[in-house]
Number of protein chains: 2
Amino acid sequence: MRQCESKLKLLRTAHELISQQSYGSVGVDQICEQSGVKKGSFYHFFRSKSELTVAAYEYHWASLQETLDRIFSAEKAPLDRLGDYFNHVRQTQTDRSQRYGRLLGCPFVSLGCELSTQDESIRLMAQKISEGKRTYLENTIREAIERGDISAADPRALADELHTYIVGLVQEAKIANDIRVLDRLKSGAYRLLGLHIAPAAV
Amino acid sequence: MRQCESKLKLLRTAHELISQQSYGSVGVDQICEQSGVKKGSFYHFFRSKSELTVAAYEYHWASLQETLDRIFSAEKAPLDRLGDYFNHVRQTQTDRSQRYGRLLGCPFVSLGCELSTQDESIRLMAQKISEGKRTYLENTIREAIERGDISAADPRALADELHTYIVGLVQEAKIANDIRVLDRLKSGAYRLLGLHIAPAAV
DNA sequence: AAAGTACTTAACCGATCGGTCAAGATCAAG
DNA sequence: CTTGATCTTGACCGATCGGTTAAGTACTTT
């Protein structure tokens, strides 16, 4: 196995295993075995399990951002971006639910929830990514307000509320292990946005 | 140490340690030591760490229900109950935040988030308690609608949305480790309920 | 008082935990 | 061809993991 291929494999495997199970229940040995990388190599690249985890989740966040940049493309109408995002959230959970047989929820929220009180660097990462997601919503909502698609005074406050709602709903879906919980995503979101009739192409 | 005092001590200690840290990072030895109970006694009362955890959290839920029964007392006006509940959520997080130096979030959601994909009995408990909390909201909102305090068609749907919002907000507060996130509790909740001016006694 | 049950105690188990180490392999630059 | 840096390998570490066992103590019931 050459150069930094081992490092990438570790990043991908760590994110997959931990988001599928939990930080506490996944061991370094397990990550190494599934990566086909020996433990010594692990500790050549990363100083600790915690450091690998942060790197793995930031790696995943970087690729997720590419997807979000497409979904929130400035070329689309703001309400279309939001609709596409709601679809994306549901689709992601559906896909992983089928692959792993369990509804996994949001990996960043799950990790943050488990370790925020114990590992400050993981808490900061989860916080940063949460803020990043929220910003996509805020920019879109601001533009929607400017265009007159949404009538609201404070785009920031509205984005906060919407993001909070989505986080809560995905969390509930995980605990219920039921994708149907996400049926409430669009109805609740559009009500929050003051759009009592859902946009056309839903 | 006499009779079932050991068992109660284990239940209380387990809930405290696990909600303060996480399931994965708290060991049976640690629970035993802090309880002043020997490991053999532990496994006399409980068959596994998982079983103790379920019992501990249901024990805590039982006492929380007494508090909620008071907050959601039928003698109060529905909107007062909701206001008191919002205060209670914030106050609980503030108290624990001061005691432990960390904002801990909702113990049931945190545990459910960590273990829903791995331990079905813990998932079911978290789901049941989430449903229990939601029901308090639903009954109150239904009564508020009947009285004309809130205008909405579907009390169930509205309670779902409110509960989801609260779960999401407490989660975000935990990840931000900042009690000020809960400043958005009332504003967001009242907007969700269609009450654009917050009730008097806030 | 005897017997049976509930509970406590301390020693013990194999497995796994996160992490270390030193020797070797590979590779690019001089 | 040599050097030095990067990466790999497998053996190894003490600590802790969840859980077991068997003997002993305390309390209840009859």
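Residues numbered from 1 in each chain as written. Chains lettered and ligands numbered in written order. Predicted model: local features only at pLDDT ≥ 70, side-chain atom pairs only at ≥ 80, totals over all residues. Heavy atoms only, no water.

**Q** Lay out the overall build of chain A with the relevant residues and their values.
**A** The secondary structure content of chain A amounts to nine helices and zero strands. In chain A, the succession of helices and strands from N to C terminus is α-α-α-α-α-α-α-α-α. Expressed as a percentage of its 202 residues, the buried residues of chain A come to 52%. In chain A, 63% of the contacts between residues at least 6 apart in sequence involve partners at least 24 apart. Summed over its atoms, the accessible surface of chain A is roughly 9,200 Å², and 48% of this surface lies on carbon and sulfur atoms. Across chain A, 27 positive and 26 negative side-chain charges occur, with their mean positions spaced 5 Å apart. (Helix = DSSP H or I, 4+ residues; strand = E, 2+ residues; numbered from the N terminus. Buried < 20%, exposed > 50% of the residue type's maximum accessible area, 1.4 Å probe, protein only. Contact = heavy atoms within 4.5 Å. Areas by Shrake-Rupley, 256 points an atom, 1.4 Å probe, with all protein chains shown as cover. Lys, Arg positive; Asp, Glu negative; His and termini not counted. Charge placed at Lys NZ, Arg CZ, Asp CG, Glu CD.)

**Q** Can you lay out the packing of helix α5 (residues 78–100) of chain A against helix α8 (residues 155–176) of chain A for me, pointing to particular residues and giving the numbers?
**A** All names here are of chain A. With their axes 12 Å apart at the nearest point, α5 and α8 run at an angle of 20° to one another. For the element pair α5 / α8, the angle class is roughly parallel. Here α5 and α8 pass one another in a crossing that is right-handed. Here L82, Y85, F86, V89 and Q93 of α5 come into contact with α8, specifically with L162, I166 and V170. Its residues assigned to classes, the contact of α5 with α8 shows seven nonpolar, one polar and no charged. (Axes fitted to C-alpha atoms, helices over the stretch in contact; angles between N-to-C directions. Parallel < 35°, antiparallel > 145°, perpendicular 65-115°, else oblique. Left-handed = near helix turned anticlockwise from the far one by under 90°. Nonpolar A, V, L, I, M, F, W, Y, C, P; charged D, E, K, R; others polar.)

**Q** Tell me about the protein's contact with DNA strand D, residues and numbers included.
**A** What surrounds DNA strand D is a group of 17 residues, the closest being A:S6, A:S41, B:V28, B:K39 and B:K49. Each atom of DNA strand D within 4 Å of the protein was classed as base or backbone; sugar and phosphate made up 55%. Here a phosphate oxygen of DNA strand D and a side-chain polar atom of A:H44 are 3.4 Å apart. B:V28 is positioned such that a nitrogen or oxygen atom in its backbone is 2.8 Å from a phosphate oxygen of DNA strand D. Listing elements by their share of the surface near DNA strand D, those giving two or more residues are α3 (39–45) of chain A together with α2 (28–35) and α3 (39–45) of chain B. Sorting elements by how many residues they give to the surface near DNA strand D places α3(A) first, with four residues. Classifying every residue of the surface near DNA strand D by side-chain character gives five nonpolar, eight polar and four charged. (Near = heavy atom within 4 Å. Polar contact = N/O pair within 3.5 Å; in protein donor to acceptor, adjacent residues only side chain to side chain.)

**Q** Can you tell me about the interface of chain B and chain A, naming the residues and giving the values?
**A** Counting residues at the interface gives 39 residues for chain B and 39 residues for chain A. For the pairing of chain B and chain A, the buried interface totals around 3,400 Å² over both sides, and the portion due to carbon and sulfur atoms is 54%. Here chain B and chain A share six salt bridges between them. Counting across the interface, chain B meets chain A through 24 residue pairs in polar contact (both at pLDDT 80 or more). Counting only elements with at least two residues in the side of chain B that touches chain A, the list comes to α6 (107–115), α7 (120–147), α8 (155–176) and α9 (184–192) of chain B. Taken together, the residues of the side of chain B that touches chain A break down into 12 nonpolar, 17 polar and 10 charged. (Buried area = accessible area lost by both parts, 1.4 Å probe. Salt bridge = Lys/Arg side-chain N within 4 Å of Asp/Glu carboxyl O.)

**Q** Help me get a handle on the relation of the copies chain B and chain A, residues and values and all.
**A** Rotating chain B by 180° and translating it 0.0 Å along the rotation axis places it on chain A, where the RMSD comes to 0.0 Å. Seen this way, the second copy is the image of the first under a two-fold rotation axis. Looking at the rotation axis and the C-alpha trace of chain B, the residue lying nearest is B:G168, at 1.8 Å. Both copies present the same face, since 100% of the interface residues in chain B are matched by interface residues at the equivalent positions in chain A. (Least-squares fit on C-alpha atoms with pLDDT ≥ 70 in both.)

**Q** How would you sum up unusual backbone geometry? Please name residues and give values.
**A** Residues other than glycine seldom take positive phi values, yet A:N177 does so here, at roughly 45°. Following the sequence through the fold, A:N177 ends up in the loop between α8 and α9 (184–192).

**Q** Explain the environment of A:Q34 to me, using residue names and the numbers behind them.
**A** All names here are of chain A. With respect to the helices and strands, Q34 occurs in helix α2 (residues 28–35). Between the C-alpha atoms of Q34 and A14, which are 20 residues apart in sequence, the distance is 9.1 Å. Discounting residues that sit within four places of it in the chain, Q34 has contacts with K9, T13, E16 and L17.

**Q** Now, about the state of the cysteines: what can you tell me, with residues and values included?
**A** Inspection of the entire model under this criterion finds zero disulfides over all chains. A:C113 provides the cysteine sulfur closest to B:C113, a residue in no disulfide bond, and the two sulfurs are 4.2 Å apart. (Disulfide = S-S within 2.5 Å.)

**Q** Which residues make up helix α6 (residues 107–115) of chain A, and what values go with them?
**A** The buried fraction of α6(A) is high, at nine of nine residues. Listed in full, the buried residues belonging to α6(A) are A:P107, A:F108, A:V109, A:S110, A:L111, A:G112, A:C113, A:E114 and A:L115.

Interpretation in functional terms is not warranted from these geometric data alone.
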